[in-house]
Amino acid sequence: MTPPAPSTTLPDLDRAGLRVVAFGGLGEIGRNMTVLEYRGRLLVIDCGVLFPEEHQPGIDVILPDFTWIRDRLDRVAAIVLTHGHEDHIGGVPYLLRERPSIPVVGSRLTLAFIKAKLEEFRIRPKTIEVEAGRRIDLDTFDCEFVAVNHSIPDGLAVAVRTDAGMLLHTGDFKMDQFPLDGRITDLRAFARLGEEGVALFLTDSTNAEVPGFTTSERELTPAIETVFRTAPKRIIVSSFASHVHRIQQVLDAAQASGRKVAFVGRSMVRNMGIARDLGYLTIPEGLVVDLKQLDRLPDRKVTLICTGSQGEPMAALARMANRDHMVRVGQGDTVLLASSLIPGNESAIYRLINGLSRLGANVVHTGNAKVHVSGHASAGELVYCYNIVKPANVMPVHGEWRHLQANAALAERTGVPRDRIVVGEDGMVVDLVAGRASVVGTVPAQHIYVDGQTVGGATEASLADRRTLSQEGAVTVVGIVELRTGRLAEDLDFIVHGFTQDPADFNDVTPAVRSALRKAGPLTQDDAEAVLRDTVSRWISKRFRRTPLVIPVVVEE
């Protein structure tokens, strides 16, 4: 139960074996993507994105690394999507850019969400709609789909049958016995598959540390109704744009309290329109109106539903908190954050709460009210599944390292042998041969950053420069150098940005630079710039105990 050792090459896959390659979702919450290889063909299960943290400035989303699969795209039988959350479908447009003809398989709502997203990329996908209970052949992969309950409708687990054995991937799931849409996780199907024999069980790990069973969605209704009954002015609800169940609860409460509702934010408007048209969201006639129509209503009759519950800087709620949105949050407004706190987003969310509170809003969130439940199975549910599936091998997925370890411990407690539990990190390659799963190596699984229209251009080095610029400022040093001799023709010039010292404070560094250039000569342009950068950086660190970004500019004499 340790991470795999790095490897540069992979052994040939046994003719009767199944290879499982983890491209994301191991050691992180997001970027979920698993690729199966069998008899020379590939099956992609999910292709999601990871949202950036504060130490990744300027990044929009983070993609899986397609390096290993890129020259094998002609062998991909299909992309199977378990459900419509961004951390499972957000990377699909970027993969289809490289081969648009790959079929996309999913449930009705999931395909509707991905089609709408692909329109923005001008991609018309080939889609195969499936429903729970259906079994289809995708090239060499025999796939059966099983209903699972999650925080979005139409979630599916997928069982993949091969001669190497059956792989069962739960996707994201929980075992809510009183779901809002009446669609429960099909444990009878799990038990039936277990009786047939599950060789490798890939299980959702997000709540593996949480004891017991996840609270039912229905138990939130009283808390939401209380907010609507007691709020004196406008109610602004923030949720994920795909959280159809939560939006339904808010709409029901607004209707009961005599309020009108407007959706705010492009993704929220789009997704709720899709959910309504497909019958997954019930909206009473006249309840939802255009945002501009709310201006004519008293505040106590107004409800806004928007994105931004994770503190995303460009989302509607964060812009409201920064007074950069047409909706002005004011004294007496109530803001309801109807979502969980995703690990890594804590600082952004608390900054958002403080910003809204400063404007006079009453902020209701999971820390002070029961307004959200998780969409993931807790420890009791995972143990229940292990006991009915009785897998031969287990591979925890979808979670940070601590979640994976906790899930592995649960599997072991139910009787799965320790050496049959595979815990690893992104890039891990597992071969299922003769009924046993084992790690055989790794493939590239770096973070691929999307920065505006650029994919992969930003690197860890460039992000380090951005962090330095934001925290320490920048110093540009200009020198006229005779490269042949290393002679500095005249004193250096300094241009300072975001650094408290005056350019005149740098005069004392010139002798050190003269000496370093003279010792290094003759030089190339790059050599001279390196000398300037290193010498000035060391001097600033010693003199001011600061580490600004030093940008050298060498003019050849």
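Values in this document were obtained by computation on a predicted structure and should not be read as measured data. (Residues numbered from 1 in each chain as written. Predicted model: local features only at pLDDT ≥ 70, side-chain atom pairs only at ≥ 80, totals over all residues. Heavy atoms only, no water.)

Novice: Any chance you could explain the overall build of the chain here in plain terms?
Specialist: Looking only at helices and strands, one finds 15 helices and 26 strands in the chain. Each of the three principal axes of the chain carries a C-alpha extent, and together these read 80 × 70 × 45 Å. Counting only residues that meet the buried cut, the chain has 55% of its 557 residues in that class. The long-range fraction of contacts in the chain, counting pairs at least 24 apart against all pairs at least 6 apart in sequence, stands at 72%. A total of about 23700 Å² of accessible surface is found on the chain, and carbon and sulfur atoms cover 48% of it. Measuring between centres, the 62 positive side-chain charges of the chain sit 4 Å from its 69 negative side-chain charges. (Helix = DSSP H or I, 4+ residues; strand = E, 2+ residues; numbered from the N terminus. Buried < 20%, exposed > 50% of the residue type's maximum accessible area, 1.4 Å probe, protein only. Contact = heavy atoms within 4.5 Å. Areas by Shrake-Rupley, 256 points an atom, 1.4 Å probe, with all protein chains shown as cover. Lys, Arg positive; Asp, Glu negative; His and termini not counted. Charge placed at Lys NZ, Arg CZ, Asp CG, Glu CD.)

Novice: Is there a simple way to think about the UniProt feature "binding site: substrate" (unreviewed entry) in the chain in this case?
Specialist: The positions UniProt marks with the feature "binding site: substrate" (unreviewed entry) are Ala-241, Ser-242, His-243, His-372, Val-373, Ser-374, Gly-375 and His-376. Among the secondary structure elements, Ala-241 is positioned in the loop between strand E13 (235-238) and helix H7 (244-256). For Ala-241, a relative accessible area of 13% puts it in the buried group. Those residues in contact with Ala-241 that lie beyond four places of it in its chain are Ser-267, Met-268, Asn-271, Met-272 and Thr-307. Relative to the helices and strands, His-372 is located in the loop between strand E17 (362-364) and helix H11 (379-389). Its relative accessible area of 16% is what places His-372 among the buried residues. Residue contacts for His-372: discarding those within four places in its chain leaves Leu-220, His-243, Arg-246, Ala-338, Ser-339, Ser-340 and Thr-366. (UniProt positions renumbered as here; feature names shortened; annotations may be inferred.)

Novice: Sorry, what's going on with the sheet that holds strand E10 (residues 156-162) here?
Specialist: Whether parallel or antiparallel, the strands of a sheet pair through hydrogen bonds between backbone atoms. Reading across from one edge, E8-E9-E10-E11-E12-E18 is the order of the six strands in this open sheet, with mixed pairing throughout. Either end of the sheet is taken by a strand with one partner, and the two such strands are strand E8 (135-138) and strand E18 (393-397). The sheet shows a mean angle of 20° between the axes of neighbouring strands, taken without regard to direction. Of the pairings in the sheet, the one linking strand E11 (residues 165-169) to strand E12 (residues 198-204) comprises four bridges and is parallel in character. Note that in E12 the partner of His-169 across the bridge is Leu-202. Here helix H12 (residues 401-413) sits on the sheet in contact with E12 and E18, set at roughly 155° to E18. (Pairing = 2+ DSSP bridges. Axes fitted to C-alpha atoms, helices over the stretch in contact; angles between N-to-C directions.)

Novice: How do you make sense of the environment of Leu-517 when you look at a structure like this?
Specialist: Along the chain, Leu-517 turns up in helix H14 (residues 510-520). For Leu-517, a relative accessible area of 0% corresponds to the buried category. The sequence separation of Leu-517 and Gly-90 amounts to 427 residues, and the corresponding C-alpha distance is 50 Å. Non-local contacts of Leu-517, meaning those with residues more than four positions away in its chain, are made with Val-481, Gly-486, Leu-488, Leu-523, Ala-528, Val-531 and Leu-532.

Novice: Would you mind going over the packing of helix H5 (residues 187-196) against H11 with me for this structure?
Specialist: A packed helix pair is summarised by two numbers, namely the angle formed by the two axes and the spacing between the axes. Orientation of H5 relative to H11, taken along the N-to-C sense of each, is 40°, at an axis distance of 7 Å. Classified by the angle their axes make, H5 and H11 are oblique. On the side of H5, the interface is formed by Leu-187, Phe-190, Ala-191 and Gly-194, while H11 contributes Tyr-384, Cys-385, Ile-388 and Val-389. In terms of residue class, the contact of H5 with H11 is made up of seven nonpolar, one polar and no charged. (Parallel < 35°, antiparallel > 145°, perpendicular 65-115°, else oblique. Nonpolar A, V, L, I, M, F, W, Y, C, P; charged D, E, K, R; others polar.)

Novice: I keep staring at the nonpolar core and nothing clicks. Help me out?
Specialist: Nonpolar side chains tend toward joint burial in soluble globular proteins. Met-33, Val-35, Ile-69 and Ile-305 are the most contacted members of the largest nonpolar core, which totals 64 residues. Per element, the largest residue contribution to this core is seven residues, and it comes from helix H4 (residues 108-120). Mapped onto the domain boundaries, this core takes at least three residues apiece from domain 1 (18-213 + 375-457) and domain 2 (217-364). Judged by nonpolar contacts, the second largest core, of 63 residues, contains Leu-26, Phe-141, Val-160 and Ala-406. (Core = buried A, V, L, I, M, F, W, Y, C linked by side-chain atoms within 4.5 Å. Domains from an automatic or database assignment.)

Novice: It is not clear to me how a nonpolar patch on the surface should be interpreted in this structure. Could you clarify?
Specialist: Together, Ile-551, Val-553 and Val-555 make up a nonpolar patch on the protein surface, roughly 200 Å² of accessible area in all. Within the element layout of this structure, Ile-551 appears in strand E26 (residues 549-556). (Patch = residues over 30% accessible without salt bridge, like charges linked within 9 Å, V, L, I, M, F, W, Y side chains within 5 Å. Salt bridge = Lys/Arg side-chain N within 4 Å of Asp/Glu carboxyl O.)

Novice: Please explain the packing of H14 against helix H15 (residues 525-544) as it appears in this structure.
Specialist: Two elements in contact, H14 and H15, have axes whose closest approach is 10 Å; the angle formed by their N-to-C orientations is 140°. Here H14 runs over H15; the crossing is right-handed. Where H14 approaches H15, its residues Ala-512, Val-513, Ala-516, Leu-517 and Ala-520 are matched on the opposing element by Ala-528, Val-531, Leu-532, Thr-535 and Val-536. Residues of the contact of H14 with H15, tallied by class, amount to nine nonpolar, one polar and no charged. (Left-handed = near helix turned anticlockwise from the far one by under 90°.)

Novice: Got a minute to help me understand the domain arrangement of the chain in this structure?
Specialist: How big an interface is tends to be reported as the loss of accessible area on association of its parts. Along its sequence, the chain is organised into domain 1 (18-213 + 375-457), domain 2 (217-364) and domain 3 (473-556). A separation of 30 Å is found between the C-alpha centroids of domain 1 and domain 2. Counting from both sides, the interface comprises 25 residues of domain 1 and, opposite them, 20 residues of domain 2. Taken together, both faces of the contact between domain 1 and domain 2 bury some 2100 Å²; the carbon and sulfur share is 57%. Here domain 1 is connected to domain 2 by three salt bridges. Arg-270 serves as the salt-bridge partner of Glu-120, at 2.8 Å between the closest nitrogen and oxygen. On inspection of domain 1 and its partner domain 2, the count reaches nine residue pairs in polar contact (both at pLDDT 80 or more). Take the side of domain 1 that touches domain 2: its biggest share by element is seven residues, from H4. (Buried area = accessible area lost by both parts, 1.4 Å probe. Polar contact = N/O pair within 3.5 Å; in protein donor to acceptor, adjacent residues only side chain to side chain.)

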